[in-house]
Amino acid sequence: MDGEMTTLRRLEAEGAAALDMAGIGEARLDAHRLLLAAFGLDETHYLLERMQPVGLNVSAEADPRDSTNRYREMISRRALRIPLQQILGEQEFMGLTFYINAHTLIPRQDTETLVELVLSEQKDRGGRLLDLCTGSGCIAVSLAAKGGYTDVTATDLSSEALAVAERNARMLLAESGWRIVSDDSDLVPDAGLPPEAGRTGPAPAKGIFRLFRGDLFTALPRGPRYDIIVSNPPYIPTAMIGGLQPEVRDHEPRMALDGAEDGLAFYRRIAAQAPEWMNPGGAIYLEIGCDQAAAVSALLAEAGFADIEVFNDLAGLNRVVRALHRTGCPETVGL
Ligand code: GLN
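These lines cover the structure that appears in this document, whether it is placed above or below. (Residues numbered from 1 in each chain as written. Predicted model: local features only at pLDDT ≥ 70, side-chain atom pairs only at ≥ 80, totals over all residues. Heavy atoms only, no water.)

Side note on the pattern of salt bridges
Oppositely charged side chains can form a pair if their charged atoms are brought close together.
Turning to step 1, where the next piece is worked out: Under the defined criterion, the tally for this structure stands at 18 salt bridges.
Turning to step 2, where the next piece is worked out: Between Arg 108 and Glu 252 there is a salt bridge, with the nearest N and O atoms lying 2.9 Å from each other. With Arg 108 in the loop between strand E2 (96-99) and helix H6 (110-121) and Glu 252 in the loop between helix H10 (246-251) and helix H11 (265-273), the pair connects residues that are 144 residues apart, well separated along the chain.
Turning to step 3, where the next piece is worked out: Of the residues examined, Arg 108 reaches a relative accessible area of 26% and is grouped as partly exposed.
Turning to step 4, where the next piece is worked out: Asp 313 is paired through a salt bridge with Arg 319; the nearest N and O atoms lie 3.0 Å apart. Per residue, the accessibility class of Asp 313 equals that of Arg 319, and both read buried.
Turning to step 5, where the next piece is worked out: Connected via shared salt-bridge partners are Asp 30, Arg 78, Arg 81 and Glu 247. (Salt bridge = Lys/Arg side-chain N within 4 Å of Asp/Glu carboxyl O. Helix = DSSP H or I, 4+ residues; strand = E, 2+ residues; numbered from the N terminus. Buried < 20%, exposed > 50% of the residue type's maximum accessible area, 1.4 Å probe, protein only.)

Some words on helix H8 (residues 159-172)
Turning to step 1, where the next piece is worked out: Between the first and last C-alpha of H8 there are 20 Å, a value that for 14 residues agrees with the 20 Å anticipated at 1.5 Å per step.
Turning to step 2, where the next piece is worked out: Looking only at H8, the buried set comprises Ala 161, Leu 162, Val 164, Ala 165, Glu 166, Asn 168 and Ala 169.
Turning to step 3, where the next piece is worked out: In this structure, the buried side of H8 is in contact with E2, helix H7 (138-147), strand E4 (151-156), strand E5 (178-183) and strand E6 (207-213).
Turning to step 4, where the next piece is worked out: Between the side-chain oxygen at the start of H8 and the backbone nitrogen of Glu 160 there is a gap of 3.3 Å, and the oxygen is on Ser 158. (Expected span 1.5 Å × (residues − 1). Contact = heavy atoms within 4.5 Å. Polar contact = N/O pair within 3.5 Å; in protein donor to acceptor, adjacent residues only side chain to side chain.)

Here we look at the pairing of strand E1 (residues 90-93)
Turning to step 1, where the next piece is worked out: Here E1 runs beside E2; their pairing, made up of 4 bridges, is antiparallel. Each residue of the ladder has a partner; that of Glu 90, found in E2, is Tyr 99.
Turning to step 2, where the next piece is worked out: Between the antiparallel neighbours E1 and E2 lie 2 residues, among them Met 94 with a positive phi of about 55°. (Pairing = 2+ DSSP bridges.)

Concerning the packing of aromatic side chains
Turning to step 1, where the next piece is worked out: Considering all chains together, one arrives at 2 aromatic pairs under this definition.
Turning to step 2, where the next piece is worked out: Judged by centre distance (6.1 Å) and plane angle (75°), the rings of Phe 93 and Phe 98 are edge-to-face.
Turning to step 3, where the next piece is worked out: Taking 5.7 Å as the distance between ring centres and 15° as the angle between the ring planes, the aromatic pair formed by Phe 217 and Trp 277 counts as stacked. Pair noted here: Phe 217 is in the loop between E6 and strand E7 (226-231) and Trp 277 is in the loop between H11 and strand E8 (278-287), with a separation of 60 residues, a long-range link. Pair check on accessibility: Phe 217 and Trp 277 agree, each one buried.
Turning to step 4, where the next piece is worked out: The ring of Tyr 99 carries the charged tip of Arg 167 above its face, separated from the ring centre by 3.6 Å.
Turning to step 5, where the next piece is worked out: We note Arg 222 situated over the ring of Trp 277; from NZ or CZ to the ring centre the distance is 4.2 Å. (Phe/Tyr/Trp six-rings, centres within 6.5 Å; stacked < 30°, edge-to-face > 60°. Lys NZ or Arg CZ within 6 Å of the ring centre and 35° of its normal.)

Notes on the site of the ligand
Turning to step 1, where the next piece is worked out: Taken together, the residues surrounding the ligand are Leu 105, Arg 108, Asn 232, Pro 233, Pro 234, Tyr 235, Ile 236, Ala 256 and Leu 257.
Turning to step 2, where the next piece is worked out: In this structure, an oxygen atom belonging to the ligand sits 2.9 Å away from a side-chain N or O atom of Arg 108.
Turning to step 3, where the next piece is worked out: Taking Pro 233, its main chain carries an N or O atom lying 2.7 Å from a nitrogen atom of the ligand.
Turning to step 4, where the next piece is worked out: Contact with the protein chains covers 86% of the free accessible surface of the ligand, which is 300 Å².
Turning to step 5, where the next piece is worked out: The class makeup of the residues in the shell around the ligand is 7 nonpolar, 1 polar and 1 charged. (Near = heavy atom within 4 Å. Areas by Shrake-Rupley, 256 points an atom, 1.4 Å probe, with all protein chains shown as cover. Nonpolar A, V, L, I, M, F, W, Y, C, P; charged D, E, K, R; others polar.)

Quick notes on the packing of helix H1 (residues 8-21) against helix H2 (residues 27-39)
Turning to step 1, where the next piece is worked out: One way to put it is that H1 packs onto H2 with a least axis distance of 8 Å and a crossing angle of 130°. Regarding the angle of H1 to H2, the classification is oblique. The handedness of the crossing between H1 and H2 comes out as right-handed. Contacts between H1 and H2 involve Leu 8, Leu 11, Glu 12, Ala 13, Gly 15, Ala 16, Leu 19 and Asp 20 from the first element and Ala 27, Arg 28, Asp 30, Ala 31, His 32, Leu 35 and Phe 39 from the second.
Turning to step 2, where the next piece is worked out: For the contact of H1 with H2, the per-class residue count stands at 9 nonpolar, 2 polar and 4 charged. (Axes fitted to C-alpha atoms, helices over the stretch in contact; angles between N-to-C directions. Parallel < 35°, antiparallel > 145°, perpendicular 65-115°, else oblique. Left-handed = near helix turned anticlockwise from the far one by under 90°.)

What about the environment of Leu 19?
Turning to step 1, where the next piece is worked out: For Leu 19, the location among the structural elements is in helix H1.
Turning to step 2, where the next piece is worked out: The spatial distance from the C-alpha of Leu 19 to the C-alpha of Ser 76 is 8.3 Å, given a sequence separation of 57 residues.
Turning to step 3, where the next piece is worked out: Contact partners of Leu 19, with chain neighbours within four places excluded, come to Ile 24, Ala 27, Asp 30, Ala 31, Ile 75, Arg 78 and Ala 79.

The structure is reproduced here in structure tokens:
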């Protein structure tokens, strides 16, 4: 075995070469991240110990042979174009570390544009907030954590995704006093459940975070309407999915990406149905593909929304459409 004399630096170079061969752009960076994860090291210990034989590695707790094997196995998986975040089991979003697996879209930096916009525009933190197609829960959980909203509901069609969102909510919110209420059963739509259905025990100090499984609004029990609706729905036209990079095309859930033929299927349904779930003056924020601003704005206008505005991401691309539910004519659709 070469184990005796191998150093962290050599292992990193070996992994980077394998990833480079597999056509991965950030080969060195990915190898570095996997090395730290496999050996349980932080940057400081890596810098101190990278030239030593791995057997002399003092900071890592595990047997260095196990760590070396784990690292090489991670490199092999990455070489198969499995996303780095799925191998590490985490991704940072809005400064929070979210648990990730293959059942949800990996949180993208683009989506922080939506979260930051909501935080800057929605200062009335008492309102009820709804996140449709929550996936990992990154939008709903970070808004709850950063915005101090007291009533947040997240829905997803996939129970596997909802389990990830629940885990993130418990990990990132429960400790600071949020009550997490999960209803993954097949809820009868419009079952007339009171808004606090499923809630037991003492009132939450910070707020209540609810999770419901189901197809967009049909997931929700009838109750008070929402003041803020947010969503990053699947928006890629079906025919374009084949041309995406292998990490996305082959390893992220198709149902989190596929927006049907023109990519707009979810916006059509959300725009048409949202008004009856919103309080007058409420706001809706939708993440969009960078070429969908005009189409999504038109759908919202058709549904009677006002003050429709498009916002760009850090790359300067159209990324979010925001619209307001007209005060005083909550049920009027198709003005
Ligand atoms: N922005 C994602 C991508 O480029 C897609 C997200 C979505 O469909 N909601 O892969």
